[in-house]
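# Observations on the three-dimensional arrangement
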Amino acid sequence: MPEPYRTIVEPFRIHSVEPLRFLTADERAAKVRDAGYNLFDLHADDVLIDLLTDSGTGAMSRDQWAAIQHGDESYAGSPSWFTFLAAVQELFPFPHVIPTHQGRAAEKILFTAIAAPGMVVPNNTHFDTTRANVEFTGAEAVDLVIPQGRDPSADHPFKGNMDLDALDALLADRAADVPVVMVTVTNNSGGGQPVSLENLRGVRAICDRYGVPLFLDACRFAENAWFITLREPGYEGASVPDVVREMAALADGMTMSAKKDPMANIGGWLALRDDDLAERCRNLLILTEGFPTYGGLAGRDLEAIAQGLRECVDEHYLRYRIRSTAYLAEALDAADVPTVKPAGGHAVYLDARALLPHVPPLAYPGQSLAVALYEAGGIRGCEIGTVMFGLRPDGTEAPAAMDLVRLAIPRRTYTQSHVDYVIEVVTDVASRASSLPGYRIVEQPAQLRHFTARFEPLG
Ligand SMILES: Cc1ncc(COP(=O)(O)O)c(C=O)c1O
């Protein structure tokens, strides 16, 4: 039965609050200039609404904080490990679960174990750390999302789907060089767009034909499963945990950041079926993360993740979560601000290339828009475009597929009036987008440059 009222009711009351600090526009202009126009370099107290990421920034529940008190810090075989293991396997019944301090540690271990120069790893779209960890081994990272997934304005219910023909063609040519096929659910770098079960089954069939394993980059598995229950024929009203288990059943393993859907402030894991590979991964884990029953985590973190895993598949929570992201997207749409269509699960992505046509990709329209949002209203978003993906391993630069600014919504953290303020600021900045400058990079590292590069406005 549809609800008779439209208002989004947050499925929680606020029990503990954090203050926000208000700066003037002049103060913000000075802060961002001092930060080399890199929003990662700001002091977080100088940000009013922080939409840089949904990673580790969610509000933990009363029950998660209570679970933390159950944390058992035994070095080996802690009860907290068994609580964590049971919660992970309830949704992802892989025989081997390897806890890590966050998602990229799982990626680093997996790719160190299986990738090497001359190899190629396909993904619908690699996230930045996934791409960097593949490339760090000397292997090539290839994005094979469906064509609609590269077009911000194309509407498609499962815009994160893998292009099955392109995957088939790649494997027909180079299966022996492909150690794994990855599918990112939801597709963060492509707009937080979901992947359908039908598509996952198609990927599985191709992987089986060529004898290549399939792993999920599953950070936002619950949001992906919720979209499946909303949009995939045959799954209307299906139980979210059942859909998650169906996704897991199609894969040979997963990498995971518990800082996303499980609403923990830290954590991750690698899970898989293959015994030999699991042993090699555990040996790598011990080198850098820790003993296999805690990985890079404290017992209390394992407890918070286990509780978060139970909460993030709750239907009331997911309805609120996905509706509130859509609320922001719909308001921006009504104000003619170009965004990636349809709204993603965890974020709204502004199409900076469309909004700033006078700024070419190599002058970083996404960076320009992100800086302007901070200067105007203290809103911190994240460039996902040529700054993030334009630097190739050989040091040359090319435009990314899209130039976006991601407004990622931390889970259970901001209220509707915060979001209304964001709508007002974005609409104002968009109305004067033609006056925003391009940027040039004055300093950058060889990898993952968006975190530390310094910029200067052009002109
Ligand atoms: C799709 C995806 N994969 C991997 C990661 C890496 O996870 P972590 O930040 O925990 O290292 C992220 C983080 O944002 C992500 O969105």
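The structure displayed is predicted, hence computed values, not measured ones.

## A few points about the site of the ligand
Taken together, 15 residues surround the ligand, and among them R104, N188, D217, S257 and K260 come closest. One of the side-chain nitrogen or oxygen atoms of Q102 is found 2.9 Å away from an oxygen atom of the ligand. Relative to its unbound accessible area of 390 Å², the ligand is 97% covered by the protein chains. Of the residues forming the shell around the ligand, the biggest block, three residues, is contributed by helix α4 (residues 103-114).

## Concerning helix α5 (residues 128-136)
The element α5 is largely enclosed, with a buried count of seven among its nine residues. For α5, every residue scored as buried is listed here: D128, T129, T130, R131, A132, N133 and V134. At the C-terminal side of α5, G138 shows a positive phi close to 95°.

## Topic: the pattern of salt bridges
The tally for this structure, following the rule as stated, stands at 29 salt bridges. A salt bridge links D333 to K341; its shortest N-O distance comes to 3.4 Å. Using a relative accessible area of 22% as the deciding quantity, one classes K341 as partly exposed. Because the salt bridges share partners, they merge into one network encompassing D54, R220, E223, D261, R321 and R411.

## Looking at the environment of R231
Considering the arrangement of structural elements, one finds R231 in helix α8 (residues 221-231). As a C-alpha pair, R231 and P262 span 31 residues in sequence and 23 Å in three-dimensional space. If near-sequence neighbours (up to four positions away) are discounted, R231 is found in contact with P157, F158, P194, P342 and A343. At 2.9 Å, the side chain of R231 forms a polar contact with the backbone oxygen of P157.

## Looking at the side chain of T184
For T184, the location among the structural elements is in strand β5 (residues 181-184). Excluding residues within four positions of it along the chain, T184 makes contact with N123, N124, T125, V195 and D217.

## What about the pairing of strand β3 (residues 120-123)?
Residues of β3 alternate between two faces, with V120 and P122 on one and V121 and N123 on the opposite face, all of them buried. Since β3 and strand β4 (residues 140-143) lie parallel, the crossover through α5 that links them has a hand, and here it is right-handed.

## A word on the sheet that holds β5
Taken in spatial order, the five strands make up an open sheet running β2-β8-β7-β6-β5, and their pairing is mixed. Bordering the open sheet on either side are β2 (96-100) and β5, each of which pairs with just one other strand. Between one strand and the next, the sheet's axes are offset by a mean angle of 15°, whatever the strand orientation. As judged from the three bridges shared by strand β6 (residues 214-217) and strand β7 (residues 253-257), these two strands associate in the parallel manner. In the strand pairing of β7, L216 is matched with M254.

Reading the values: the criteria
Just so you know, the residues in each chain are numbered from 1, in the order the chain's sequence is written. Totals for whole chains, interfaces and linings use all residues, but because this is a predicted model, local features are given only for residues with pLDDT of at least 70 and pairs of side-chain atoms are given and counted only at 80 or more. Just so you know, side-chain values use all the structure's heavy atoms and leave hydrogens and water out. Residue proximity to a molecule or strand is established when one non-hydrogen atom of the residue lies within 4 Å of it. Counted as a polar contact is a pair of N or O atoms within 3.5 Å, where, for protein atoms, one must be capable of donating a hydrogen and the other of accepting one, and residues adjacent in sequence contribute only when both atoms are in side chains. For the area figures, the Shrake-Rupley method with a 1.4 Å probe applies, and any residue is considered shielded solely by the protein chains shown. Going along the chain from the N terminus, every DSSP run of H or I of four or more residues is numbered as a helix, and every run of E of two or more is numbered as a strand. For every residue, the accessible area (1.4 Å probe, protein chains only) is compared with the maximum for its type, and the residue is labelled buried under 20%, exposed over 50%, or partly exposed between those bounds. Any Lys or Arg side-chain nitrogen located within 4 Å of an Asp or Glu carboxyl oxygen qualifies as a salt bridge. By the convention used here, residues are in contact when the closest approach between their heavy atoms is within 4.5 Å. Seen with its strands pointing away from the viewer, a crossover is right-handed when the path leading from the first strand over the helix to the second is clockwise. Two strands make a pair as long as DSSP finds a minimum of two bridges between them. Fitting a line to C-alpha atoms yields each axis, with helices limited to the stretch in contact; the angle taken between N-to-C directions then spans 0 to 180 degrees.

Geometric values such as these leave the question of function open.
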